[in-house]
Amino acid sequence: MRAVLHAEWTKLRTVRGWVVALAVAAAAVVGLGLLTGGQGSCGRNGPRSECVLPVGPDGQEVTDHFTFVHRSLTGDGSITVRLNGLTGVLPRKPGLGGPPDSTGPQATEGGTGDGQPGLAPWAKGGLIIKDGTRPGSTYAAIMLTGAHGVRMQHDYVHDRAGPPAPATTPRWLRLTRAGQTITGEESPDGTAWTTVGTVRLPGLPATAQVGTFATSPQFTWILGGGRGVGGAMGGPSEVTATFDNLTGRDTGPDASWSRTEVGGDASPQPEQLGASWRVTGSGDIAPAVSGISGIGTTVSQTLAGTFAGLILVVVVATMTMTAEYRRGMIRTTVAAVPRRGRILLAKATIIGAVTFGLGVLAATVVVVVGGRVLRAHGVYLHPAAPGIEVRLVVGTGLLLAGAAVLALGLGALLRRGLTAVVAGIVVIVLPYLLAMTVLPPEPAKWLLRVTPAAAFAVQQSAVSYPQVDDFPIPVNGYFPLSPWAGLAVLAGWAALVLGLAGFSLRRRDV
Amino acid sequence: MRRALHAEWTKLRTTPGTVLLLLSVVVATVGISILAAAATDCPGGICAVDITKVSLTGVQLGQAVVAVLAVQLIGAEYGTGMIHVSLAAVPRRLTVLAAKALMLTAVVTAAATAGVAGSLVAGRSLLPLTVTDTTVLRAAFGSVLYLILVGLLALGVTTAVRTPATAAGLVLGLLYVFPIVGLAATDPDFRRHLDQIAPMTAGLAIQRTTGLDDLAISPWRGLAVLGAWAAAALLAGGLLIRLRDA
Amino acid sequence: MNQTSIVVNGLRKRFGPTLALDGMSFTVEPGQVTGFVGPNGAGKSTTMRVVLGLDAPDAGTALVGGRPYRSLPCPLRVVGSLLDAGALQPGRTARNHLLWLAHSQGLTAARVDEVLEQAGLTSVARRRAGGFSLGMRQRLGIAAAMLGDPAVLMLDEPFNGMDPEGIVWIRGFLRALAAEGRAVLLSTHLMSELQDTADHVVLVGRGRVLADRTMPELLARHGSLERAYLELTRDAVEFRAAGSPEASR
């Protein structure tokens, strides 16, 4: 086998066109990755324009923007309130593309002033206990949501579901502190109570702020598929929560209430709490995300050049096989190595190893340099853990290698360079393109689950949280499969095609 | 020229696979269009998307088959060395290229018309699409022109690079990579410029019937951009076939 | 100048570092079979490609019937050629291969059937040319060369892969063509075949003509064509096996 590998390696490196094409493939991955850098506004408009997101207790970046009616609570204590339903305003749904001669969808940018009534699914109102009013500080909250019932959430990423409850009917909520332990309870009538969750907040100081809150995240209308057809349009939404029946035991000496827009500019305003009061808010208390519901981008963006590289790799990998058939060299090869399966295996090993190496090399450069270019151009880049960056780099190498082996198999199966190259590109690149541009989310997800294009999941670095409506659809940077599962789909296809090719190579005359 | 055309016609119709490829253009175009139309929901007859464009989604796969047809039209002759026989028979090389371009235009027009018409019929039965609307007719007629221009682009590129597999990679790369890089670009201006020069994105602007204000380039100018790419490719191919040893 | 002959004058052609043609000049007369011989790499095929307008020379001219090939309106009616018998698309049938060639010259299918008959291919005319043996492809190539009933024929190694019957057929066929007054340029390495077929020999080496004589002249001087070849090309051979008698000299 070593001799066969050596022979195939010599065949590959002695065709100047192939070597050049592979070098260009690596250069394309790097070059296009850096080219997409673009322009952002972070840091461009003076010292206060830097994009700095609050950092949560676990060190991750968070969104922390809500309206808080609060007072101090020192030591242990409990607060109970009745939430008399949520009402809200959504951005206006864009004009619908009905008859073809209409002007079509138009974005409704700006505030919610011209919006329509409605609740965002993750609009929130309820009770919260928080370390002061600084964005990013530790907290725990029991809340009613627009469409997800009662929830207990703490420290931005943790979310626990309570009973489902409509957002429009009254609900009783209670938050109790005992040392570092916070318990959230809810009740439909104020007598029969259910515990939704008990959480520990190790960083919560002796005196914390406690009270009622409301906030409602960015809302997006998804229109059909990606930006090619209808796209996504939206804006901020707003929620109003009405509270009454407040009972609080063991509150500290400072019993006066304040109203603060956490994460906003205004300073706390004194508040006279009547028998009933309203809290209106816009924003979110959640992990920060990229994509249409968040800001900035992820380092995955720098890997856009992979496609150009991929196409070149497909061409070269196919030709390493079909060139043998063009002038009958395959007969010489088979005469030299009569065990034909070995020829195929050796070719796959060599082209796979070479493209893996090139992919890793190019991806390393582009992830490291591309991230810097994006930041230098004022684009907010979500930090990726080192583990994720390693996965992106290794994954890109494996993606190219998998595509190369698949293309080689197609070449051996179809024997004609032209057909095999087009087949290779169509099965790997076209599903991705269709999913990203024209198809509605459901067929798009389906394509990215079953076709070799599923492997692009390995380049996803955006993290999806169930409690953030960031539209986990392909066009927004979320793949339906996990990174390694996606890569496994490609590997499966490559193995299948290579197996068929080996079978046909053994059976057919050369 | 008439004789060269006759010869090219005989070649084309006696190449095994031509009929199959032309049928594939139709099947690929109509098939993907049906799938896309079936996947699109129009609750209460109101669609959130440009249903004309959705009905013509199959053009995106059809163009790959058209590219194969165009590449093999001259690529197969380079692959086998038959190009020497062709050029010995018709020594005026630009005549050979022109004859091939005309033949290609003729057969692609036939296949593309069938594919686009089929897609619209499917779109009409699955979506509330009015096929007699002038903008829809513009999109349909433009899609046929689009496929023809993709074919000519592929013919020019193949004449220039001579290896069929490389040519196919180049053409599909040219078509598919631009929009993907555009998707990744954060800078809206950069994306807009990319959409204005990309052969596929600009060319397919002809399929849009709604939201024309959002387009980076107007439908007919977009198709003209693709036309410019095709003309440049044919020019390069023509120059090279004229100047180079066969 | 004779209107129906090949006139090659002072051709020079360089491929990178290799000088393929270095002042190649000769004339192919009508009514004769002219043998075109020389070692591998001597420039025979390049000369033929230049004559057919496939390669452009750096200097010099190649005229067919007094005109450059590329200016002929229906070139196959003037020159028929066989350069590479494999140069056809394997999926097309023999008849269809000839048919498109015929159409390119304004000829009809009837003429195709005539040349198929002449080349003895009628029984396999509707079989895929890709499945042909080398000898059958040579016959198909000769049929293609005859298609336009040309006054000049240029054949590169037509004996390759031919069975003995085929070789005898080509020999007689070429003699008959010359007798009809056509000019035939025949390139081959088979000296004994050529000795029986050709009237005239152009012997080339290193891109230029080494000898341009009639067959009787060569035979009178060297005894046999093979000996003439070996003696005349002694210093012009590019590739020679170690240990061969010529190499150890």
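Residues numbered from 1 in each chain as written. Chains lettered and ligands numbered in written order. Predicted model: local features only at pLDDT ≥ 70, side-chain atom pairs only at ≥ 80, totals over all residues. Heavy atoms only, no water.

Caption draft 1: The arrangement of the overall build of chain C in detail. Of regular secondary structure, chain C possesses eight helices and 10 strands. Against the compact-globule benchmark of 18 Å for 249 residues, chain C has a radius of gyration of 18 Å, which places it among compact chains. Considering only C-alpha atoms, chain C reaches an extent of 55 × 40 × 35 Å along its principal axes. Split into buried and exposed, the 249 residues of chain C put 53% on the buried side. Considering only intrachain contacts with a sequence separation of at least 6, the fraction spanning at least 24 residues in chain C is 65%. (Helix = DSSP H or I, 4+ residues; strand = E, 2+ residues; numbered from the N terminus. Rg over C-alpha atoms; globule rule 2.2 N^0.38 Å. Buried < 20%, exposed > 50% of the residue type's maximum accessible area, 1.4 Å probe, protein only. Contact = heavy atoms within 4.5 Å.)

Caption draft 2: Layout of the sheet that holds strand S8 (residues 183-187) of chain C. All names here are of chain C. Taken together, the six strands give an open sheet; going across it, the order is S6-S7-S8-S3-S9-S10, and neighbouring strands pair in mixed fashion. The open sheet has two free edges, formed respectively by strand S6 (79-82) and strand S10 (208-214), since each of these has just one partner strand. On average, each strand axis in the sheet is tilted by 15° relative to the strand beside it, whichever way the strands run. Here six bridges tie strand S9 (residues 200-205) to S10, and the two strands are oriented antiparallel to one another. (Pairing = 2+ DSSP bridges. Axes fitted to C-alpha atoms, helices over the stretch in contact; angles between N-to-C directions.)

Caption draft 3: Quick look at the nonpolar core. Ranked by internal contacts, the top residues of the largest apolar core, which has 236 residues, are A:Val429, A:Phe456, B:Val108, B:Tyr146, B:Leu175 and B:Tyr176. Ignoring anything within four residues of it in the chain, the contact list for B:Tyr176 reads A:Ile425, A:Val429, A:Leu430, A:Leu433, B:Gln60, B:Gln63, B:Ala64 and B:Met200. A:Val81, A:Met152, A:Val239 and A:Val279 belong to the second largest nonpolar core, which has 36 residues in total. (Core = buried A, V, L, I, M, F, W, Y, C linked by side-chain atoms within 4.5 Å.)

Caption draft 4: Seen up close, helix H3 (residues 306-326) of chain A. Over its 21 residues, H3(A) extends 29 Å from the first C-alpha to the last, a length consistent with the 30 Å expected when each residue adds 1.5 Å. Here H3(A) lies mainly inside the structure; 18 of its 21 residues are buried. (Expected span 1.5 Å × (residues − 1).)

Caption draft 5: Inspection of the confidence of the model for chain C at higher detail. Averaged over all residues, the pLDDT of chain C equals 89, while 95% of them reach at least 70. Model confidence for the complex: the whole-complex pTM is 0.80, and ipTM, which rates the interface, is 0.85. (pLDDT = per-residue confidence, 0-100.)

Caption draft 6: Quick look at the pairing of strand S7 (residues 152-156) of chain C. Residues and elements named next belong to chain C. When you tally the buried positions in S7, you get five out of five residues, the bulk of the element. Residue alternation in S7 divides its side chains into two sets, Val152, Met154 and Asp156 and Leu153 and Leu155, and both sets are buried. Pairing geometry for S7 and S8, over five bridges, is parallel. Across the sheet, the residue bridging to aspartate 156 is serine 187, located in S8. Handedness of the crossover joining S7 and S8 through helix H5 (residues 164-179): right-handed. (Right-handed = clockwise from strand over helix to strand, strands pointing away.)

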